[in-house]
Amino acid sequence: MSDSMTIQLNGEERSVSAQSLSALVAELGLEQRMIAIELNLEVVPRSQYGETPLKVGDRIELVHMIGGG
Amino acid sequence: MSDIFKVGTYTFNSRLIVGSGKYKDFQTTKDATEASEAEMITVAVRRVNITDPGKENLLDYIDPKKYTILPNTAGCFNAEDAVRTLRLAREAGGWDLVKLEVLGDTETLYPNVVETIKAAETLVAEGFQVMVYTNDDPIVARTLEEVGCVAVMPLGNPIGSGRGLANPFNIRVIKQRANVPIVVDAGIGTASDAAKAMELGVDAALINTAIAEANDECLMATAMRDAVRAGRSAYLAGRMPKRAFANASSPTEGYIWD
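My aim in this report is to walk through the structure given alongside it, one point at a time. Keep in mind that this is a model prediction, so the values were computed, not measured.

## Quick look at unusual backbone geometry
All names here are of chain A.
Here is step 1 of the chain: A positive phi angle, near 50 degrees, is found at Asn10, a position not held by glycine.
Here is step 2 of the chain: Among the structural elements, Asn10 can be located in the loop between β1 (5–9) and β2 (12–16).
Here is step 3 of the chain: A residue is classified by how much of its surface remains accessible, and Asn10, at 7% relative accessible area, is buried.
Here is step 4 of the chain: The phi dihedral of Leu41 is positive, around 75 degrees, even though this residue is not glycine.
Here is step 5 of the chain: One can find Leu41 in the loop between β3 (36–39) and β4 (42–44).

What follows is the structure, encoded as structure tokens:
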């Protein structure tokens, strides 16, 4: 279960050991941040991160708010 | 006097909406936003920098409990990307009041109204309260209202140009025919531009670059605050007619030489 896998994270290939979205968020240290995740073009509600497994080749967009007009 | 700005299910005392882009740092963003006394502030949605995910964030300085956060779709050039962006924003912060802008090209940043209308239809159907950036075109403005947008936001001039209102007549026509709030978005360069926009009767002004690129951001924020208030008051007060010739301010009888 500890094998790492390659996913597409924010447009770049990345090898992660996380097996779920919640583990990925923890791996990145973003648990306390106001973020949102799109998995293969579908937004995943935060409440479902724990039960959402990561699969090889998943395309993930992980976003937050920045300054803008 | 109570003069509440209502948009969708939201109400505000301030008719100035500010942006959070282009500031030199977060502290200045915070200080200028406070100085503006705005209650609504736009933000952009972007990828987290995965190589440095823990660094400080805009929302560490702009408290979403204190301000109504208005996520935008800046940088989107088609309806699909705009819808995806706002779905993410709603998940991130629970925000349903959003600023839709779908751009046509990078040089003018003029809206692509076809894609804008398409995105607005989808977002309205999904329960978003859409404030929509568009051209100063009264026909498109009406279409966006009919689609269900809660506010229509015609540009005064291109984004970041600071050239004031290119076509005040169209802005007035848009306002006179609208049943939803009209917000002048983009083009305001200095306080008099904001006041003139409000004197046309529009409901609010959205200002970013004019404040963020001022030498003294906080002072310009207060200038914009005052200009929006002054313009609004002048509109409500009802201005005097313009005359071709002079009209004496002092009585024209009782002269000592009569």
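## A look at the interface of chain B and chain A
How big an interface is tends to be expressed through the accessible area that disappears when the partners come together.
Here is step 1 of the chain: Taken together, the 32 residues of chain B in the interface contact 26 residues of chain A.
Here is step 2 of the chain: For the pair chain B and chain A, the two sides together bury roughly 2600 Å², of which 60% comes from carbon and sulfur.
Here is step 3 of the chain: In this structure, the connection of chain B to chain A is made through three salt bridges.
Here is step 4 of the chain: One can count 16 residue pairs in polar contact (both at pLDDT 80 or more) joining chain B with chain A.
Here is step 5 of the chain: Of all the secondary-structure elements, those providing two or more residues to the side of chain B that touches chain A are β4 (40–47) and α2 (79–93) of chain B.
Here is step 6 of the chain: The element that contributes the greatest number of residues to the side of chain B that touches chain A is α2 of chain B, accounting for seven residues.
Here is step 7 of the chain: A per-class count over the side of chain B that touches chain A returns 13 nonpolar, nine polar and ten charged.

## So, the side chain of Arg225 of chain B
Here is step 1 of the chain: Relative to the helices and strands, Arg225 of chain B resides in helix α8 (residues 217–237).
Here is step 2 of the chain: Beyond its immediate sequence surroundings of up to four residues, Arg225 of chain B is in contact with Leu16, Ala35, Ser36 and Glu37 of chain B.

Conventions we followed
- Residues numbered from 1 in each chain as written.
- Chains lettered and ligands numbered in written order.
- Predicted model: local features only at pLDDT ≥ 70, side-chain atom pairs only at ≥ 80, totals over all residues.
- Heavy atoms only, no water.
- Helix = DSSP H or I, 4+ residues; strand = E, 2+ residues; numbered from the N terminus.
- Buried < 20%, exposed > 50% of the residue type's maximum accessible area, 1.4 Å probe, protein only.
- Contact = heavy atoms within 4.5 Å.
- Buried area = accessible area lost by both parts, 1.4 Å probe.
- Salt bridge = Lys/Arg side-chain N within 4 Å of Asp/Glu carboxyl O.
- Polar contact = N/O pair within 3.5 Å; in protein donor to acceptor, adjacent residues only side chain to side chain.
- Nonpolar A, V, L, I, M, F, W, Y, C, P; charged D, E, K, R; others polar.

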